[in-house]
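Here is what each chain is made of, one letter per residue.
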Amino acid sequence: MSLVPGFRQFACFGPQLPRQNPPDVSVRVPIISAKRVTKFLRRSASVAGSGAEFSERLVATERKKKGRNVAGVDQDELVDPTMLSDPDSFFCEFNGIQIHHKVCHHGEEQTGQPFNSEISSASAGSNVPKVGLPMILLHGFGASVFSWAGVMKPLASLIGSSVLAFDRPAFGLTSRPRHSIWSTGKADMLPLNPYSIAFSVLATLFFIDRLGPEKAVLVGHSAGCLVAVDTYFEYPERIAALILVAPAIFAPLFGDKARKGSQKGKAAQSEDRGSTTDNQRNHFIVIWNLLCRLVGLIVQTAMHVIKGMKDMLGSIYRNILLAVLRSSLSIILVRMIIDKFGIAAVRNSWCDANKITDFTINGYTKPLRAKDWDVSLLEYTLATLTNSGSKTEPPLAARLAEISCPVLIITGDTDRIVPRWNAERLASVIPGATLQVIESCGHLPHEEKAAEFLLAIKKFLQRTFGAPGEVVFATGC
């Protein structure tokens with residue numbers, strides 16, 4: 001008997017009547033391996049994670065996709081900068097940052113750099129005044145303490161005191177804090193952006209105090225000259241002299257002649273005012289002057305409104321810039337640029353790139369093995385682009401004529417990074433500045449032409465700090 005009307009009931013042991021099979025409408029479930037399930041869960045977790053975590057995963061994926069090397073340096077196992085230190089490296093904490101530096105004292109042997117007899121002879125001689133003041137070396141963009149390795153000992157011999165070079169944040173082996181570390185509002189711990197020039201200025205003063213004397217000679221190269229000059233303007237009483245090497249400081253297009261011309265123009269205008277004093281008694285002129293004052297007030301009010309809009313737009317611009325530069329795509333772009341142009345930039349900095357050795361290339365690419373080198377480079381770029389300087393102080397180019405301490409400017413005649421004419425213009429703007437042009441030399445005179453570089457400093461010290469053989473402690477600029 002059928003349980004359901006219209007259907008027959010079959011026994012499992014009885015013969016079955018032939019019937020037509022119904023179409024197969026079953027759903028086939030694919031067999032998913034445990035490995036594929038794990039991979040799917042990982043992808044889901046990355047999508048559900050925070051934006052920062054997703055950004056880091058995207059960067060890591062792009063690194064594997066584009067290659068594991070940047071400028072020939074393996075990026076799979078980046079390490080803490082302290083693990084890359086040399087036997088003569090030192091680290092000290094300043095404002096929460098571990099600053100890598102090296103010190104060469106007068107009379108000490110220096111390791112880590114091949115011996116060069118020409119350099120040794122350039123720094124020798126009994127007619128060198130022993131200044132007795134320390135010297136601080138400030139490297140340029142993309143460089144580090146390594147850039148000064150070949151001249152630190154000769155400079156210590158020339159000046160008769162200690163020579164110190166330190167890595168500015170974002171370069172060398174100095175620690176590289178992420179944005180969240182120094183922007184959490186803990187101003188008492190890290191009141192300054194470590195990637196800003198202001199931080200480097202304070203770090204320079206910190207090392208001057210660390211070496212003891214009240215004054216020091218600052219030597220800046222390229223962008224390091226900005227730090228040297230800013231340190232002078234902030235603490236002029238602590239700087240005995242400035243040596244600017246291939247200075248990346250934009251010189252004003254018009255120097256003393258333009259200023260004198262403007263002064264003559266103002267004098268002529270004052271004479272014209274004196275000759276027309278009698279005419280001002282005319283009522284028409286009085287009314288005209290009142291109208292001019294009224295228009296001036298209207299223009300002044302409009303300028304205040306425009307300034308407020310400019311500040312608002314500037315704030316929006318900075319926020320957009322922050323978001324763009326701190327994105328994972330910017331980090332990828334930095335890696336691509338350094339990979340393609342990093343070593344090429346070093347070679348382009350020399351007049352004769354054939355003289356560059358593997359020792360030099362390895363010295364410049366070594367910091368690429370440090371953790372967060374790419375993030376810190378972005379933060380440095382961001383700090384540079386958003387640095388508006390002091391609102392009360394005029395631009396640096398307008399203050400160069402205020403420098404009153406002895407200044408030596410050294411440049412190469414074939415510098416492709418900062419052209420020679422810019423150094424010449426700087427020398428004409430800074431009062432009493434001495435210009436030394438080294439022939440057949442590029443952007444790195446202290447590396448490519450170390451002997452000529454030291455000879456220029458030797459002559460500068462002789463002229464500035466007294467008679468040969470005399471120990472001189474400078475007391476003023």
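Here the structure is a predicted model, which means the values were calculated and not measured.

A. Up close: the environment of Ala-383. Looking at the secondary structure, you find Ala-383 in helix α12 (residues 373–385). C-alpha of Ala-383 to C-alpha of Tyr-195: the two residues are 188 residues apart in sequence and 6.1 Å apart in space. Dropping the residues within four chain positions of it, Ala-383 is found in contact with Asn-193, Tyr-195 and Ser-196.

B. Layout of the packing of helix α4 (residues 152–159) against helix α16 (residues 450–464). Taken N-terminus to C-terminus, the directions of α4 and α16 make an angle of 15°; their axes are 10 Å apart at the nearest point. In terms of axis orientation, α4 runs roughly parallel to α16. Viewed along their axes, α4 and α16 form a crossing whose handedness is right-handed. Taking contact as the criterion, the partners of Pro-154, Leu-155, Leu-158 and Ile-159 in α4 are, on α16, Leu-454, Ile-457, Lys-458 and Leu-461. For the contact of α4 with α16, a count of residues per class yields seven nonpolar, no polar and one charged.

C. Layout of the sheet that holds strand β8 (residues 239–245). One open sheet holds the eight strands; their spatial order is β3-β4-β6-β5-β7-β8-β9-β10, and the pairing between them is mixed. At either margin of the open sheet sits one strand with a lone partner, and together these are β3 (90–94) and β10 (434–438). Taken pair by pair, the neighbouring strands of this sheet meet at an average axis angle of 25°, ignoring direction. Here four bridges tie strand β5 (residues 135–138) to strand β6 (residues 163–166), and the two strands are oriented parallel to one another. Residue pairing in the sheet places Leu-138 in a bridge with Phe-166 of β6. Of the strands in this sheet, β3, β4 (97–104), β5, β6, β7 (216–221) and β8 touch helix α6 (residues 197–211), which is tilted by about 115° from β3. Sitting on the sheet, α16 is in contact with β8, β9 (407–412) and β10, with an inclination near 165° to β9.

How each quantity is defined
Residues numbered from 1 in each chain as written. Predicted model: local features only at pLDDT ≥ 70, side-chain atom pairs only at ≥ 80, totals over all residues. Heavy atoms only, no water. Helix = DSSP H or I, 4+ residues; strand = E, 2+ residues; numbered from the N terminus. Contact = heavy atoms within 4.5 Å. Axes fitted to C-alpha atoms, helices over the stretch in contact; angles between N-to-C directions. Parallel < 35°, antiparallel > 145°, perpendicular 65-115°, else oblique. Left-handed = near helix turned anticlockwise from the far one by under 90°. Nonpolar A, V, L, I, M, F, W, Y, C, P; charged D, E, K, R; others polar. Pairing = 2+ DSSP bridges.

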